[in-house]
Amino acid sequence: MLEVPMLEVRDLHAGYGAFGVLHGIDMVVGAGEIVAVLGANGAGKTTLNRALSALIQPSAGAIMFEGRNITHAGYDTVVQAGLIQVPEGRKIFPNLSVRDNLLLGAFLRGRANRARNLARVFDIFPRLGERLGQLAGSMSGGEQQMLAIGRGLMAEPRLLILDEPSLGLSPVLTEELFALIGQLNAAGLAILLVEQNVVQSLAIAQRAYVIEHGVVALHGPAADLADDPRLRTAYLGLA
Amino acid sequence: MAEIYAAALINGLLIGGVYALVALGLTLIYGVLHIVNFAHGSLLMVAMFAAWLMAEKAGVHPYAALPVVALAMFALGWLLYRYVIGRVSRGEDRAILLATLGVAVVLDNVFLTLFGGDTRQIESDLTFAVIEAGPLLLSVPKVIAFAVSLLLAGALWAFMALTDTGRAIRAVAKEPEGARLMGIRPERIFALAYGIGIGCLGAAGCLLLPSFFVSPHVGNVFVLVAFTIVVLGGMGSFPGAVVGGLLIGVTESLGGLWLGESLGPIGISLVFIAVLLFRPTGLFGAAR
């Protein structure tokens, strides 16, 4: 790869206090790519996301975003740089209206184009446009997921991290969600897709990393990994 | 007889306006941020002393001093949250409760040491000024306090509903991690909102001074009533704080008329219980 990758993670160690979860993760996301991060529960996927968004401080290693070292940056600096995460469990603001949730997506970044981006989000999710005044907490799980993604898009992400976006969605909604991820990517957005949904993630991603016990157990082009017998082993933790 | 009731009603409304003024800051701090602010009464006392000192030592009328006192109280509130309450509590409810209680104990006793337990008041043309409305006499300072509490409630509502900072204040209280992912720093927003709530007390102190005595214990008169109003009106609702304040003021006034001074306040508890029976989230509280 000649040009500087969008995101480069080198030998990342992170955890909670003395409890280490990540033991040296190396990972690259190029511009315009969908990269899937797979792994069983407890493998360290969400810890990786929390470290990337600077919600926890890495104990060692480096995170470079568009050539800039953000390893020890504050989470607001990371947002300002355009690394936006749609977290597991959505974490929308339940006591705020749909409109206020979306507006807060542009609290720090994307403020100048807020009106235009709002219109774009309603274009992508017409349902949100119909429910502008509704309290976010009173919406269904699928609608809340749309809102969480919409809120993330309001910040004009350069790289969007999606953490378990299909969690709790019906198969039909999950299919729609993956189609949407494909559309966003086709429009040029780089996406780091963290999922338990292995088959669909590998179908949509260009490359994938499989994390096991806090290290990268496998990585490569998504099409190759889909056929790799080691995927099953790593994923299911079978010896 | 009807005139006595009318007078009690009007007087209750005016006192209620004053209560609402104190409750507005609390509905932001307790209702929105869920900080049990035991220091609320003590900080009102500090604001009243600040206004009293400016009137007594510098000859500045409390109404003229209002912007300065409100700003100074905002700064005090911000500093208190940033360096005491936020640090001690680390987001734990029990610790917040103890921190604000500690602040109250310290403030009460510092002012008791500095000023003694005497009650003080300012000499002002306004203190006994009244407007004659037919057979009724309306105390001018209370009419002004009433009007300002309505204005302030409107301003706070607009700030919370229409500005990004207001949205962020509502957001961080429920979902701090979601807020961080938008680049919002919850601890900054909390300090700012706490400062705004205490700044409202600065305004309240200046508006109360022409018609109330100041002493280191003056906060006790208001703090329990203010908590009652916040819950009665609906946590975090500014219209609720105003309507709740007026309801409590009228109840207290009519209760005193019917049941006498000592038994009268029971009316407040009865109204409180009745409202919560039928509307558990308060008059203007959002359904959960």
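For the rest of this paragraph, the subject is the domain arrangement of chain A. All names here are of chain A. Along its sequence, chain A is carved into domain 1 (1-82 + 158-239) and domain 2 (93-156). The distance between the C-alpha centroids of domain 1 and domain 2 comes to 24 Å. Around 1000 Å² of area is buried between domain 1 and domain 2 when both sides are counted, 75% of it from carbon and sulfur atoms. Looking only at domain 1, the three residues that lose the most surface to domain 2 are Gln80, Leu180 and Leu184, adding up to 35% of its buried area. On the surface where domain 1 and domain 2 come into contact, there are zero salt bridges. Where domain 1 touches domain 2, the interface holds one residue pair in polar contact (both at pLDDT 80 or more).

Below, the discussion takes up the sheet that holds strand E1 (residues 7-16) of chain A. Residue and element names in this part refer to chain A. The four strands are arranged E2-E1-E4-E5 in an open sheet whose pairing can be described as antiparallel. The open sheet is flanked by strand E2 (19-29) and strand E5 (68-69), the only strands paired with a single partner. Relative to strand E4 (residues 60-65), E1 runs antiparallel, the two being bridged by five bridges. Looking at E4, one finds that Arg10 is bridged to Ala62.

Turning our attention to helix H4 (residues 114-124) of chain A. Where H4 of chain A is concerned, the buried positions are Arg114, Asn117, Leu118 and Val121 of chain A. Around the axis of H4 of chain A, the buried residues are gathered within 105 degrees of arc, so they sit on the same side. Turned more than 90 degrees away from the buried face of H4 of chain A sit Ala115, Arg116 and Asp123 of chain A, all of them exposed. Those residues of H4 of chain A that are buried are in contact with helix H3 (98-105), helix H5 (126-130) and helix H6 (141-153) of chain A together with helix H6 (164-174) of chain B.

Attention shifts here to the sheet that holds strand E7 (residues 159-163) of chain A. All names here are of chain A. Across the sheet, six strands lie side by side as E6-E7-E8-E3-E9-E10; this open sheet has mixed pairing. Strands at the two margins of the open sheet, each flanked by one partner only, are strand E6 (83-86) and strand E10 (215-221). Along the sheet, successive strands turn relative to each other by an average axial angle of 15 degrees, direction set aside. Direction of pairing for E7 relative to strand E8 (residues 190-195): parallel, over a ladder of five bridges. Note on E8: the bridge partner recorded for Leu159 is Ala190. The strands touched by helix H1 (residues 45-52) are strand E3 (34-38), E6, E7, E8 and strand E9 (207-212); relative to E8, the strand with the most contacts, the crossing angle is about 145 degrees. Most of the contacts of helix H7 (residues 171-186) go to E8, to which it runs at about 155 degrees, and overall it touches E3, E7 and E8.

About the cut-offs
- Residues numbered from 1 in each chain as written.
- Chains lettered and ligands numbered in written order.
- Predicted model: local features only at pLDDT ≥ 70, side-chain atom pairs only at ≥ 80, totals over all residues.
- Heavy atoms only, no water.
- Domains from an automatic or database assignment.
- Buried area = accessible area lost by both parts, 1.4 Å probe.
- Salt bridge = Lys/Arg side-chain N within 4 Å of Asp/Glu carboxyl O.
- Polar contact = N/O pair within 3.5 Å; in protein donor to acceptor, adjacent residues only side chain to side chain.
- Pairing = 2+ DSSP bridges.
- Helix = DSSP H or I, 4+ residues; strand = E, 2+ residues; numbered from the N terminus.
- Buried < 20%, exposed > 50% of the residue type's maximum accessible area, 1.4 Å probe, protein only.
- Arc of directions from axis to C-beta.
- Contact = heavy atoms within 4.5 Å.
- Axes fitted to C-alpha atoms, helices over the stretch in contact; angles between N-to-C directions.

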